[in-house]
Amino acid sequence: MNVNIAERWKSVLHEEFEKEYFNRLVNFVKTEYQQYKCFPKGNKIFSAFDHCSFDDLKVVIIGQDPYHGVGQANGLCFSVNDGIDKPPSLQNIFKEIETDLEKPMPNNGNLERWAKQGVLLLNATLTVRAHQAGSHQNKGWETFTDAVISQISRNKENVVFLLWGGYAKKKGAKIDNSKHYILASGHPSPLSANRGFWFGNSHFSKTNAFLESKGLDIIDW
């Protein structure tokens, strides 16, 4: 696995790439991709950073790990490749946007359009073995993505962090809430959403209201 990440992000995260845990992680991922089918494709592992520049970043959404079905994962959390059916969590995200902003559900679930507006769609774990959810957890990715969140918190201001579900909320410990705006709710998965912990959180209108209050361009969700 080459650490082929956008130059601006490389300058922010260069110290992480030199640490021993990251070397172990690279070796683990290389071996996994050689021996098993893994997702996303190797050139998509750092897509979240490629599509959302550090300087333009306004919103961070934290997922857990990539979709593990064939053809789904594209390196952006909750997002799927063009032409792939929208998974249940993504459908619930779009349903909340539909209610919150009266915006019709899109035809596809590729969220590159959000990333290009400054939304970092960051999974806590950036790779996974096919059909084995969580198979690349606790190998070093979480340490890396903790560092990403810490760097954003330290070096940016007025970023909106959307923390959905218990896993994402734990990542919130890395965020300075005196400098940034944190919105937390249940996860959009059916298990959580159908129990009343997702729908009605209005996170998308709240995000835009905050950005507007800071003189920043809102997100076209």
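Residues numbered from 1 in each chain as written. Predicted model: local features only at pLDDT ≥ 70, side-chain atom pairs only at ≥ 80, totals over all residues. Heavy atoms only, no water.

Novice: Got a minute to help me understand the pairing of strand S3 (residues 119-123) in this structure?
Specialist: Working note: regular strand, side chains alternate between the two faces of the sheet. Most of S3 sits inside the fold, with five of its five residues counted as buried. Both faces of S3 are covered, namely the face carrying Val-119, Leu-121 and Asn-123 and the face carrying Leu-120 and Leu-122. (Buried < 20%, exposed > 50% of the residue type's maximum accessible area, 1.4 Å probe, protein only. Helix = DSSP H or I, 4+ residues; strand = E, 2+ residues; numbered from the N terminus.)

Novice: Looking at this model, I keep getting lost on the packing of aromatic side chains. Mind explaining?
Specialist: The geometry of two aromatic rings is summed up by the distance between their centres and the angle between their planes. Scanning the model with the defined rule gives 20 aromatic pairs in all. Judged by centre distance (5.5 Å) and plane angle (55 degrees), the rings of Phe-78 and Trp-164 are tilted. You can see Phe-78 sitting in the loop between strand S2 (59-63) and helix H4 (88-101) and its partner Trp-164 sitting in strand S5 (residues 160-164), a full 86 residues away along the chain. Here Phe-78 matches Trp-164 in class, with each residue buried. Its end group placed over the ring of Tyr-36, Arg-129 keeps NZ or CZ at 3.6 Å from the ring centre. The cationic tip of Lys-156 hangs over the ring face of Phe-54; the distance from NZ or CZ to the ring centre is 5.3 Å. (Phe/Tyr/Trp six-rings, centres within 6.5 Å; stacked < 30°, edge-to-face > 60°. Lys NZ or Arg CZ within 6 Å of the ring centre and 35° of its normal.)

Novice: Teacher, can you tell me more about unusual backbone geometry here?
Specialist: Glycine aside, residues mostly have negative phi, and peptide bonds are mostly found in the trans state. The step from Phe-39 to Pro-40 runs through a cis peptide bond, and the omega angle for that step is -10 degrees. Examined against the element boundaries, Pro-40 turns out to sit in the loop between strand S1 (38-39) and helix H3 (47-51). If you check the backbone angles, Phe-78 has positive phi at about 70 degrees while not being a glycine. Unlike most non-glycine residues, Glu-102 shows phi in positive territory, near 55 degrees. By the element assignment, Glu-102 lies in the loop between H4 and helix H5 (112-115). For Glu-102, a relative accessible area of 72% corresponds to the exposed category.

Novice: What's the story with the pattern of salt bridges in this structure? I'm lost.
Specialist: Between side chains of opposite charge, a pair can form when the charged atoms approach closely. As enumerated under the stated definition, the model contains seven salt bridges in all. Its salt-bridge partner being Asp-55, residue Arg-8 comes within 3.1 Å of it at the nearest N-O pair. On the criterion of sequence distance, the pair formed by Arg-8 in helix H1 (residues 7-17) and Asp-55 in the loop between H3 and S2 is long-range, its members being 47 residues apart. Exposure remark for Arg-8: the relative accessible area of 36% places this residue in the partly exposed category. (Salt bridge = Lys/Arg side-chain N within 4 Å of Asp/Glu carboxyl O.)

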